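Understanding the architecture of this molecule
What follows is each chain in one-letter form.
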Amino acid sequence: MPSKDRLHRSELAVPGSNPRMLEKASTLGADVVFMDLEDAVAPAEKEEARKHVIRALTHHDWSRCAVSVRINGLDTPYCYRDIVEVVEQAGKRIDTLLIPKVNAPADILFVATLLAQIESSKGLKPIGIHALIETARGMANIEDIAATCPERLEALVFGVADFAASTQARVTTMGGANPDYAVLTHSDDDGVRARHWNDQWHYALSRLVVACRAYGLRPIDGPFSEIQDPDGYRVAARAAAALGVEGKWAIHPSQIALANEVFTPTEAEVARARRILAAMAEAASKGQGAVMLDGRMLDAASIRQAEVVVAKMERIEAREEMVA
Ligand code: GLV
Ligand code: MG
């Protein structure tokens, strides 16, 4: 079975064409590293990048993070060789393949079928799949995609840049705020109208979260292009986390700590979750289904929310002990 509860707060993108960055990637504190053979690599460098990725997988220590390889899209001439060459030669150390521009369940099944053959020929353990949802068709088919290949599919990632291209959305930055996506309030008593910016990606990301949670997958948010804007990154990540997203890409090492911070429950959240569980256990022992805590009504749904927070923290603590 795939590792559905893999810790996935931060996912560092590393160009497969850059051996120096591939070498450093595992030491930077990301929960997941993906080596990119797709859009960060120019067509003329595709073959060389595969070799760099294979070398990095087989020569460096990847015990401190999960490792994914982003293959080229199924509509390119590179895809099948990416899978065959990289998995045959370095499949032992690959946790997941990241498939870009997934349009339909058949895309997942194609990769899964190839993986099954290579795994059985090379005696490898099963490799999981992460799927980028970044086309209008992929979003239109997202529930069917999420339900495909439960024995491999672990996570769906929202690829905002390609999604904007595919839907012909007007954007100013990749994954950032857009002043065009706003509403103007009515005039107040002084005739002043306020302009409120909204989140252009709310629908797409919400839909991805629901599709993922319906089928036991991790919802992951994609890139934020403004690497000089940590505040903007934090706000985008916090908005995603508020919807239920579990982690976000880091397209620069400086974004890793931001993602880990945002997607780790705060001490106050964990303490409150533990108090809720204690209060509900006490209520249950008295035969009560609901109780008041700090002026708020709690019921069985509060237990489920608190359990999510505590379970997440336990996984984070276990990882921190493992890498310490
Ligand atoms: C990621 O691949 C994106 O297109 O945003
Ligand atoms: Mg993309």
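Below is a summary of the structure that appears in this document.

The rules behind each value
- Residues numbered from 1 in each chain as written.
- Chains lettered and ligands numbered in written order.
- Predicted model: local features only at pLDDT ≥ 70, side-chain atom pairs only at ≥ 80, totals over all residues.
- Heavy atoms only, no water.
- Near = heavy atom within 4 Å.
- Polar contact = N/O pair within 3.5 Å; in protein donor to acceptor, adjacent residues only side chain to side chain.
- Areas by Shrake-Rupley, 256 points an atom, 1.4 Å probe, with all protein chains shown as cover.
- Nonpolar A, V, L, I, M, F, W, Y, C, P; charged D, E, K, R; others polar.
- Patch = residues over 30% accessible without salt bridge, like charges linked within 9 Å, V, L, I, M, F, W, Y side chains within 5 Å.
- Salt bridge = Lys/Arg side-chain N within 4 Å of Asp/Glu carboxyl O.
- Helix = DSSP H or I, 4+ residues; strand = E, 2+ residues; numbered from the N terminus.
- Buried < 20%, exposed > 50% of the residue type's maximum accessible area, 1.4 Å probe, protein only.
- Donors = N, O, S within 2.8 Å, 3.2 Å for Na, K, Ca; no water.
- Disulfide = S-S within 2.5 Å.

**Notes on the site of ligand 1**
- The immediate surroundings of ligand 1 are formed by Arg-70, Leu-132, Glu-134, Gly-159, Val-160, Ala-161, Asp-162, Pro-223 and Trp-249.
- Here an oxygen atom of ligand 1 and a side-chain polar atom of Glu-134 are 2.9 Å apart.
- At a separation of 2.8 Å, an oxygen atom of ligand 1 approaches a polar backbone atom of Asp-162.
- For ligand 1, the accessible surface in isolation is 190 Å², of which the surrounding protein chains cover 94%.
- Here the shell around ligand 1 is built from residues that sort into 5 nonpolar, 1 polar and 3 charged.

**Considering a nonpolar patch on the surface**
- Together, Leu-74, Tyr-80 and Phe-110 line one region of the surface with nonpolar side chains, adding up to about 270 Å² of accessible area.
- In this structure, Phe-110 sits in helix α4 (residues 105-122).
- Looking at Phe-110, the relative accessible area reads 36%, which means it is partly exposed.

**Structural notes on the coordination of the magnesium ion (ligand 2)**
- Bound to the magnesium ion (ligand 2) are the protein donor atoms Glu-134 (OE) and Asp-162 (OD), situated 2.0 to 2.2 Å from the metal. Of the two residues, Glu-134 sits in the loop between β5 (128-133) and α5 (136-140) while Asp-162 sits in helix α7 (residues 160-167), which places them 28 residues apart along the sequence.

**With respect to the state of the cysteines**
- Summed over the entire model, instances satisfying the criterion amount to 0 disulfides.
- Counting only cysteine sulfurs, Cys-79 is the nearest neighbor of Cys-149, a cysteine outside any disulfide, at a range of 15 Å.
- We note that Cys-212 lacks a disulfide partner, and the nearest cysteine sulfur, in Cys-149, lies 15 Å from it.
- Given the relative accessible area of 0%, Cys-212 is considered buried.

**Notes on the pattern of salt bridges**
- The tally for this structure, following the rule as stated, stands at 24 salt bridges.
- Between Asp-31 and Arg-9 there is a salt bridge, and its shortest N-O distance comes to 2.8 Å. Remark: Arg-9 occurs in the segment before β1 (10-15) and Asp-31 occurs in the loop between α1 (19-24) and β2 (32-36); sequence separation between them is 22 residues.
- For Arg-9, a relative accessible area of 4% translates into the label buried.

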